[in-house]
Amino acid sequence: MREIRFDLLLLFIAFYVLLAPVLSDLVISKLDRRVDLSSQMVRTTTSLKVENNGVGTVSEILLPFPDHQAKDLAFLMVTISEGKGKIKGVSGSLPIRVVKPEETPPALSWYLVSLPKELGKGESISLDVKAVFTHILRPFPEKITQADIQLLAFQDSAYYLSPYAVKVQTLTVKLPEPKVESYTKLENTKVSGSEIKYGPYENLPSFSYTPIVVHFVNNKPFAVARELVREIEISHWGNVQVTESYNIHHAGALITGEFSRLDYQARPHVRGASAFRNLVAKLPPRAHSVYYRDEIGNISTSNLWGDSAKTLLEIEPRYPMFGGWRTSFTIGYGLPLQDFLFQSEGKRYLNISFGCPMDEVVIEKLVVKIVLPEGSKDISVSVPFPVNQLEETKFSHLDMVGRPVIVLEKSNVVPEHNQYFQVYYKFNSLSLLWEPLMLISGFFFLFVTCIVYMHADLTISKSSASYMAKLQWDEVQTAIQQFQNIMNRCMTVHDKIEASLRDLSRTGDVQACKAARKAADSLLKELSKELKPLLSFLQSSPQAVQILPKVEELVAKEKELQEKLMLKHSTVVDCYEKKLGGRETENRVASVQQKITLLRQEAEDLFEIIDEI
């Protein structure tokens, strides 16, 4: 650190030697500088009174910043002081642009401030310069344990870096708490509570530089969003939907060692002083339908309250955030359209804030997407600071050509950027009826189609070949079903014949057995008569060509089965009448029984084949 201070000192001395003769017409008669270190952002407010001691008039003032600070400069604003300055009543910030004066070293970044009017000889003006820096506070040490507090180091100059001579100046450094580890002690240095005061210092030449280092405690949230995507979707049906997707990490001192949730829960202010466990988003008043979720789902650790002036959403991640840890989540909410959409000179315009609603968060990349209604045209954007602007198209429900999307991108965003911006566009109110008419027309044609379908005769012409073929096939199917019914009844008669033989073996009643056979013969003759016309129809029908062979085969198998059953019946009855033994009877009918079993199996197989066809 000593080597860095020494190099900077030599560098600024070289700048002074080079530039002092060129920029000597202006003198800063009084300068008060305040540096606020109470958060992760360094905010400097400099009140200076500039006098013109030269002969000519001056309309511009140069503000230099070292490159190592300028690269982290997030916000710069210069306003005219309303105090004792000679010029009063001028409101708003002064125009600022980046310049590169000739014959200046590359280690400084220069900003040129344009005055509202030229400063004549002997005149003076009082200005307030506000600058916000990010990432210039360095954790020291860079790694700590769960139980350690977070210490930061801040480096700057006790003297204000200026190309102009300064008659009187002071510096006040505000700390987050009175505890300070160490600080550079110079002449006229005093510590009062949580403030370190340097000065007053008088009659300092241009580019005066005296390095100082402050080593202090800061356990405030170091929440840095690597990227924040805000989508603002306008619906002319009365709502503005805002969706914000965060990718946040703790940019403070990295935590080392093991993390103990038990210790953290028991003493969070001791065993987790450097961590932050919640963030507060200041939403617009009358925000509704608020949600807070991540990739897993809804997160219930949040609180919402508000009044007529604001709505506060306190969100708590799923785990405490220590140095180096990160998390991603999304918050969304709806806003009343009439609070943010207005009309002027034939155009509608959206007036809404640009930045992040959380004051503690630094955003490395902010993407704001404004989704306008389909049919919007003549779109223009007014933002109070430079941004990158792109255009996209988004398709949503019932969109035909898509909705125009204005994409605004900005890096290194701080709460000071949370200013209102405007998006102007033209939109025909009749376009609001487009989507309802699409729905009504769609349902109308659906119902008409259903009515036409229900009343239309979609059958094939009765004179066509396909229709005749279908009728013939239906007749064949009916005949087959009747055929199967007759064959099933025949098989039932066969079962009755078998049952009469079993009754004979049990009771020995030969007459009853003969009577059962006689009844079976009568039934089989009737079924045979019913079967003849069906067989004749199937033989004459061209649609039955495929199934007819199986039908005829089944008829033949049934007749053969019938003959074998009758043979078995006659044999068994004859044996009973001759009073032969049971074994002798079985021997006589054994071969016939085998044939009956085989024929039954073949008949069942044919039944299945006919069912499949």
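Structure's up top.
Residues numbered from 1 in each chain as written. Predicted model: local features only at pLDDT ≥ 70, side-chain atom pairs only at ≥ 80, totals over all residues. Heavy atoms only, no water.

Enquirer: Is there a simple way to explain the sheet that holds strand S17 (residues 239–250) in this structure?
Expert: Sheet strands pair by backbone hydrogen bonding; their relative direction is either parallel or antiparallel. Within the open sheet, the 7 strands sit side by side as S20-S23-S17-S16-S26-S29-S28. Their pairing is mixed. A single partner strand is all that each edge strand has here, and the edge strands are strand S20 (288–293) and strand S28 (388–394). With strand direction ignored, the average angle separating the axes of adjacent strands in the sheet is 15 degrees. Where S17 lies against strand S23 (residues 326–336), 11 bridges are found, and the strand directions are antiparallel. Along S23, the bridge assignment pairs Gln241 with Gly334. (Pairing = 2+ DSSP bridges. Helix = DSSP H or I, 4+ residues; strand = E, 2+ residues; numbered from the N terminus. Axes fitted to C-alpha atoms, helices over the stretch in contact; angles between N-to-C directions.)

Enquirer: Just to check I follow, could you spell out empty space enclosed by the protein for this structure?
Expert: To find leftover empty space, a probe the size of one water molecule is rolled over the atoms. Applying the stated criterion across every chain, the model contains 2 cavities of 30 Å³ or more. The space that makes up the largest cavity amounts to roughly 50 Å³. Forming the walls of the largest cavity are Ile28, Leu48, Val50, Ile61, Leu62, Leu63, Pro64, Tyr160, Leu161, Ser162, Pro163 and Tyr164. At the level of elements, strand S2 (42–52) and strand S3 (58–66) are the ones that each hand at least two residues to the lining of the largest cavity. Sorting elements by how many residues they give to the lining of the largest cavity places S3 first, with 4 residues. Residues belonging to the lining of the largest cavity are distributed by class as follows: 11 nonpolar, 1 polar and no charged. (1 Å grid on protein atoms, 1.4 Å probe; cavity = no way out; pocket = protein on both sides within 12 Å on 5 of 7 lines; lining within 4 Å. Points joined across faces, edges and corners; volume = space filled by probe spheres on them. Nonpolar A, V, L, I, M, F, W, Y, C, P; charged D, E, K, R; others polar.)

Enquirer: I keep staring at the nonpolar core and nothing clicks. Help me out?
Expert: Nonpolar side chains in soluble globular proteins tend to be buried together. In terms of nonpolar packing, the biggest core is built from 54 residues, with Leu37 and Leu127 touching the most fellow members. Among the elements that line this core, the one with the most residues is strand S6 (residues 108–119), at 7 residues. Ignoring any residue separated from it by four or fewer positions in sequence, one finds Leu37 in contact with Val42, Leu137, Phe154, Val173, Lys174, Leu175, Pro176, Phe216 and Asn218. Grouped together as the second largest cluster of nonpolar side chains are 45 residues, Ile232, Val240, Phe354 and Phe427 included. (Core = buried A, V, L, I, M, F, W, Y, C linked by side-chain atoms within 4.5 Å. Buried < 20%, exposed > 50% of the residue type's maximum accessible area, 1.4 Å probe, protein only. Contact = heavy atoms within 4.5 Å.)

Enquirer: Just checking my understanding: could you explain helix H8 (residues 582–612) for this structure?
Expert: Three- or four-residue spacings in an α-helix give side chains the same orientation, since the helix completes a turn every 3.6 residues. For H8, spanning 31 residues, the distance from its first C-alpha to its last is 43 Å, which sits close to the expected 45 Å at 1.5 Å a residue. Of all the bends in H8, the greatest measures close to 50 degrees and is centred on Ala590. In the core, the buried residues of H8 are packed alongside helix H5 (465–507) and helix H7 (548–577). (Expected span 1.5 Å × (residues − 1). Bend = angle between axes of the 7 residues up to and from the residue.)

Enquirer: Quick question: what am I supposed to make of a nonpolar patch on the surface here?
Expert: Taken together, the side chains of Leu398, Leu439, Phe443, Leu446 and Phe447 define a hydrophobic patch exposed on the protein surface, amounting to about 480 Å² of accessible area. Note that Leu446 resides in helix H4 (residues 434–455). (Patch = residues over 30% accessible without salt bridge, like charges linked within 9 Å, V, L, I, M, F, W, Y side chains within 5 Å. Areas by Shrake-Rupley, 256 points an atom, 1.4 Å probe, with all protein chains shown as cover. Salt bridge = Lys/Arg side-chain N within 4 Å of Asp/Glu carboxyl O.)

Enquirer: Can you help me understand the packing of H7 against H8 in this one?
Expert: Helix-helix packing: each pair is described by the crossing angle between the helix axes and the interaxial distance. Taken N-terminus to C-terminus, the directions of H7 and H8 make an angle of 160 degrees; their axes are 9 Å apart at the nearest point. Considered as vectors, H7 and H8 are oriented roughly antiparallel to each other. Like other packed secondary-structure pairs, H7 and H8 cross with a definite hand, here left-handed. For the contact of H7 with H8, a count of residues per class yields 16 nonpolar, 3 polar and 11 charged. (Parallel < 35°, antiparallel > 145°, perpendicular 65-115°, else oblique. Left-handed = near helix turned anticlockwise from the far one by under 90°.)

Enquirer: Would you mind showing me how to read a positive patch on the surface here?
Expert: Taken together, the side chains of Lys525, Lys529, Lys532 and Lys559 present a region of like positive charge at the surface. Broken down by element, the residue count for the positive patch peaks at 3 residues, all from helix H6 (residues 510–540). One can find Lys525 in helix H6. A relative accessible area of 59% means that Lys525 is categorised as exposed. (Lys, Arg positive; Asp, Glu negative; His and termini not counted. Charge placed at Lys NZ, Arg CZ, Asp CG, Glu CD.)

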